[in-house]
Amino acid sequence: MFFDHIEAAPADPILGLTEAFKNDPREGKINLGAGVYQNEDGVNPILNCVKAAEKKILETETSKSYLPITGLPEYGRIVRELIFGKDSQIVTAERAVTCHCPGGTGALRMGADFIKQQNVASTIWICDPTWANHYQIAANAGLNFERYPYYDRATHGLAFDRMLETLSQAKEGDVVLLHACCHNPTGIDPTVEQWEQIADFLKEKKLLPFMDFAYQGFGRGIEEDAQGLRIIASRCPEMLIASSFSKNLGLYNERVGALTIVCQDKDSAARVLSQLKITIRSSISNPPAHGEKIVTTVLSDVNLRAQWEEELAEMRNRIRDMRVLLAAKLKEYGAGDFDFVVEQNGMFSFSGLNKEQVEALKKDHGIYIVGSGRICVACINTRNVEPLAKAIAAVVKA
């Protein structure tokens, strides 16, 4: 038979963890492995601005015809203005082009495919640790990948010097994948000064930046989270950005992402767009419409935009409050100094727990986190933080 030789693939480390959590019969179990925002009630909510936009779309929509290959022009404009700022020279000079992709993952894959198909580069440098799918996307697109260090376990901070030292081995023309903010899985972002050094380094070495921008607005703010990316854009005339509205608009299952490519000038951008259309056409043909229309409706309506910014701030502030509360509770129960958790950004925290401690949390306390020690802070609430802190203290002191 044709398929008899195919072996079962290992379970996805995060999806497999969720399945194990569901099958755990214990009351009071806690799942901190998921990569979605949850409110105080443990629910992944639909934003009110999204509900209002969907109502407006339902009332005014007259057709389900295909979108353009790259998505609605208005969507592309909104994405670029959100990334670079409305008055950015990149926007006003039309140096960048954008296509709607199925989520941030789709944008990363389209970007990797474009790099390979157009012989832009053959090697991409990816930080270690990172979101595990980065490696698979690069490999499946036919790119070679190298790793550069990012996390310093001793300081629970950024291994900045080792990062640049390793990247100094990159060859001119190589691609460097960077998390623009809210680094997954560590929650550690470069400072403004470090972003400036990174930008100068990339420019000097003639390396191509590829920014994964999945969490804009989840760290310090919409504008603040774009600061590192904009610093790099001010030094490097060409770059790729994979962005997503899964988190900041809660559109996880709508798969709303975008690939934006910045070029030296408008003419180059037009040529890039023509080839990018071929990449998309042979992959997904046309993008899905509903989520894109939600984003376009919310961000082009003054009132809905204001509502979105308010709801986004509420999510961001709740995550920040849970960081502070968790660190305080861990100190209260004698787990040691976890103040570094407060300094991290976004949905995730690298807890510093080792694999044995992670396994003990699952086995003895019904608490599920990723084997690397990554915790989804967005899944912590005032009801589960107490048993969580007690359990972590128990395994740390064991």
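Please refer to the structure higher up on the page.
Read on for a plain summary of the structure. Being a predicted model, the structure only gives us computed values, none of them experimental. (Residues numbered from 1 in each chain as written. Predicted model: local features only at pLDDT ≥ 70, side-chain atom pairs only at ≥ 80, totals over all residues. Heavy atoms only, no water.)

By the burial criterion, the buried members of helix H14 (residues 355-365) are Gln-357, Val-358 and Leu-361. Taken down its axis, H14 places every buried residue within 105° of arc, on the same side. Along H14, the residues that are exposed and aim more than 90 degrees away from the buried face are Lys-355, Glu-356 and Lys-363. Buried residues in H14 make contact with strand E12 (367-368) and helix H15 (385-397). Positive backbone phi, approximately 65°, marks Gly-366, located one or two places after H14. (Buried < 20%, exposed > 50% of the residue type's maximum accessible area, 1.4 Å probe, protein only. Helix = DSSP H or I, 4+ residues; strand = E, 2+ residues; numbered from the N terminus. Arc of directions from axis to C-beta. Contact = heavy atoms within 4.5 Å.)

Core analysis: the biggest nonpolar cluster contains 99 residues, and Phe-84, Leu-178, Ile-232, Phe-245, Leu-249 and Trp-308 have the highest contact counts within it. Among the elements that take part in this core, helix H12 (residues 302-332) stands out by supplying eight residues, more than any other. (Core = buried A, V, L, I, M, F, W, Y, C linked by side-chain atoms within 4.5 Å.)

So, on to the sheet that holds strand E9 (residues 239-244). In space, the seven strands of this open sheet follow the order E2-E10-E9-E8-E7-E3-E4, with mixed pairing throughout. At either margin of the open sheet sits one strand with a lone partner, and together these are strand E2 (96-102) and strand E4 (144-149). The sheet shows a mean angle of 25° between the axes of neighbouring strands, direction not considered. Pairing analysis gives two bridges linking strand E3 (residues 123-128) to strand E7 (residues 175-179), with the strands arranged parallel. Note on E7: the bridge partner recorded for Trp-125 is Val-176. (Pairing = 2+ DSSP bridges. Axes fitted to C-alpha atoms, helices over the stretch in contact; angles between N-to-C directions.)

In an α-helix there are 3.6 residues to a turn, and that puts residues three or four apart on one side. Under the 1.5 Å per step criterion, the end-to-end length of H12 is 45 Å for 31 residues, consistent within 8% with the ideal 45 Å. The backbone nitrogen of Asn-303 lies 3.0 Å from a side-chain oxygen of the residue at the head of H12, namely Asp-301. With its phi angle positive at about 80°, Gly-334 sits one or two positions after the end of H12. (Expected span 1.5 Å × (residues − 1). Polar contact = N/O pair within 3.5 Å; in protein donor to acceptor, adjacent residues only side chain to side chain.)

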